[in-house]
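Listed below, chain by chain, are the residues.
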Amino acid sequence: MKLYYTPHTCSFAPHIVLRELGIDAELRRVRIGPDPVVAADGRDFRELSPLGYVPLLELDDGRILHEGVAILQYLADQHPDSDLAPAPGSFERIELQQWLTFISSELHKLFSPWLFHPEYGDAPGAVARERLQPRLAYIDRHLAQNAYVLGKTFSIADAYLYTIAGWARALKMDLHPYPALDAYLDRIGQRDTVRDALRREREDARVKPEPASA
Ligand SMILES: N[C@@H](CCC(=O)N[C@@H](CS)C(=O)NCC(=O)O)C(=O)O
């Protein structure tokens, strides 16, 4: 199995889940941007991912998945005993999908305009930053009552939320209004699997030169 990833991006979520499952997938670093390439061999990444974005999971039989929430659910469902996702068909599974959709459409894509797309200019970034506040407040209220997104146990939604909400810190956003979220980021960041995923990405980047942009 190969995970195509770019450091500091949303591909960190499936990487965390791979570590949670103890799967030693091959890491393939991608230099995203207008001409995305696989760092190791310079292959045009759009041959694999039509829109050139990470994450992308290549299975051992060559099949490909290239949407983060699909990859997360695929990995969890291959290992139902891991408890990383409620059983397909259950109400709890729909709740999980509700959270994954929220993180994807209401958080992830609000961070993107000013994090990865400077071509949008300042105005959309400022609007996105403003619109994020009530969404972060909503998450904060939820985490004040629940240790994890789904309540008492870590799930794929936590791998995704940690990755995306963590960008708030990278952007030096003030998280004081969101103490439960702030504490959650600290706590999830201390998980062995999260630290291990980070260490592996750092090591991988050291072996091969760091991409010019990410
Ligand atoms: N819909 C995709 C979006 C993934 C995405 O936005 N990836 C970003 C990194 S977080 C990326 O590779 N951007 C490069 C680009 O848009 O050119 C998903 O949810 O997996």
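Everything here concerns the structure above.
These numbers come from a predicted model, not from an experiment.

S.K.: Sorry if this is basic, but what is going on with unusual backbone geometry here?
M.R.: Glycine aside, negative phi is the norm for most residues, and most peptide bonds take the trans geometry. A cis geometry characterises the amide bond from Val54 onward to Pro55, with omega recorded as 0°. With respect to the element layout, Pro55 can be found in the loop between strand S3 (37-38) and strand S4 (56-58). Phi angles above zero are rare outside glycine, and Lys172 is one such case at about 55°. In this structure, Lys172 sits in the loop between helix H5 (156-170) and helix H6 (179-189). Overall, Lys172 belongs to the exposed group, its relative accessible area being 73%.

S.K.: Could you clarify how one ought to interpret the side chain of Gln73 in this entry?
M.R.: With respect to the element layout, Gln73 can be found in helix H2 (residues 68-78). A polar side-chain atom of Gln73 sits 3.0 Å from a polar atom in the side chain of Gln97. Setting aside anything within four residues of it in sequence, one finds Gln73 in contact with Arg93, Gln97, Leu100 and Ile156.

S.K.: Help me out: how do you make sense of the pattern of salt bridges in this one?
M.R.: Proximity of charged atoms lets side chains of opposite charge pair with each other. Tallied over the full model, the rule gives 18 salt bridges. When the shortest N-O distance is used, the salt bridge between Glu26 and Arg28 registers 3.4 Å. Here Arg28 falls in the buried class, since its relative accessible area comes to 18%. Residues Arg169 and Asp186 are paired through a salt bridge, measuring 2.9 Å at the closest nitrogen-oxygen approach. Placement of the pair is Arg169 in helix H5 and Asp186 in helix H6, with a sequence separation of 17 residues. Here Arg169 falls in the partly exposed class, since its relative accessible area comes to 35%. A cluster of three or more residues bridged by salt bridges with shared partners is formed by Arg19, Asp24, Asp196, Arg199, Arg200 and Glu203.

Thresholds, definitions, all that
Residues numbered from 1 in each chain as written. Predicted model: local features only at pLDDT ≥ 70, side-chain atom pairs only at ≥ 80, totals over all residues. Heavy atoms only, no water. Helix = DSSP H or I, 4+ residues; strand = E, 2+ residues; numbered from the N terminus. Buried < 20%, exposed > 50% of the residue type's maximum accessible area, 1.4 Å probe, protein only. Polar contact = N/O pair within 3.5 Å; in protein donor to acceptor, adjacent residues only side chain to side chain. Contact = heavy atoms within 4.5 Å. Salt bridge = Lys/Arg side-chain N within 4 Å of Asp/Glu carboxyl O.

Note that all results are geometric; they support no functional claim without further evidence.
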